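Residues per chain, in single letters:
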Amino acid sequence: MFKKGVFVLGLTGCAAVGFGAVAVADVPIVPPASTVGMTVSEARGVLADGGYSPKVISRNGGGPNCVVFNQVAVTQYADWAAYRTGKGSDDDKYAVYLSVKCSK
């Protein structure tokens, strides 16, 4: 029904996709722990314990009681590129941004 060429081409494609996934797996991919639902001071403490320096980039509402409702961890491209070329360490390097909702 199928020709040998189609079968071999399919196997080659599957192997290439599999090997490609393995080659990318050595990139640091462990983001920091989620702090959604914590107060800002709790979130900063948890992230600092993990070696991260979070930045609040969005503040909704007014008042001193702020709770994290969104967290984004972004890989720094320069660190990733240095690691991939063997010139950098394999430490996880992320910029961590927090969005908070504040109330009185």
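Calculation rules
- Residues numbered from 1 in each chain as written.
- Predicted model: local features only at pLDDT ≥ 70, side-chain atom pairs only at ≥ 80, totals over all residues.
- Heavy atoms only, no water.
- Helix = DSSP H or I, 4+ residues; strand = E, 2+ residues; numbered from the N terminus.
- Buried < 20%, exposed > 50% of the residue type's maximum accessible area, 1.4 Å probe, protein only.
- Areas by Shrake-Rupley, 256 points an atom, 1.4 Å probe, with all protein chains shown as cover.
- Polar contact = N/O pair within 3.5 Å; in protein donor to acceptor, adjacent residues only side chain to side chain.
- Contact = heavy atoms within 4.5 Å.
- Disulfide = S-S within 2.5 Å.
- pLDDT = per-residue confidence, 0-100.
- Pairing = 2+ DSSP bridges.
- Axes fitted to C-alpha atoms, helices over the stretch in contact; angles between N-to-C directions.

Go over the overall build of the chain with me, naming the residues and quoting the values.
For the chain, the count of helices and strands is three helices and three strands. Per-residue burial for the chain yields a buried fraction of 19% across its 104 residues. For the chain, the exposed area adds up to about 7,400 Å²; of that, 63% sits on carbon and sulfur atoms.

Help me get a handle on the side chain of Thr-35, residues and values and all.
The residue Thr-35 is located in the loop between helix H1 (4-24) and helix H2 (40-49) in this model. Here the side chain of Thr-35 touches Gln-71 through a polar contact of 2.5 Å, side chain to side chain. With residues near it in sequence (within four places) discarded, Thr-35 still touches Ala-43, Val-46, Leu-47, Val-68, Gln-71 and Leu-98.

Account for the state of the cysteines, with residues named and values stated.
In total, this model carries one disulfide according to the counting rule given. The disulfide partner of Cys-66 is Cys-102, and the S-S distance across this bridge is 2.0 Å. Taking the sign of the torsion about the S-S bond as the criterion, the disulfide between Cys-66 and Cys-102, at about 105°, is right-handed. Here Cys-102 lies in strand E3 (residues 94-103) and Cys-66 lies in strand E2 (residues 65-75), a separation of 36 residues in the sequence.

Just give me the short version of the environment of Tyr-94, but keep the residues and values in it.
Locating Tyr-94 in the fold gives a position in strand E3. For Tyr-94, a relative accessible area of 15% translates into the label buried.

I'd like a rundown of the confidence of the model for the chain, residues and numbers included.
With 64% of its residues at a pLDDT of at least 70, the chain reaches an overall mean of 75. Note on residues 19-29: pLDDT under 50 across the span, and 13 contacts to partners over four residues away in sequence or across chains.

I'd like to hear about the side chain of Gln-71, residue by residue, with values.
Checked against the element boundaries, Gln-71 lands in strand E2. At 3.1 Å, the side chain of Gln-71 and the backbone oxygen of Ala-33 are in polar contact. Residues in contact with Gln-71, not counting those within four places in the same chain, are Pro-32, Ala-33, Ser-34, Thr-35, Val-36, Leu-47, Val-96, Tyr-97 and Leu-98.

Describe the sheet that holds E3, naming the residues involved and giving the relevant values.
The mixed open sheet is built from three strands, whose spatial order is E1-E3-E2. Two strands bound the open sheet, and with one partner strand each, they are strand E1 (55-61) and E2. For this sheet the average axis-to-axis angle between neighbouring strands, irrespective of direction, equals 20°. Pairing analysis gives six bridges linking E1 to E3, with the strands arranged parallel. Among the inter-strand pairings, Lys-55 is bridged to a residue of E3, identified as Tyr-97.

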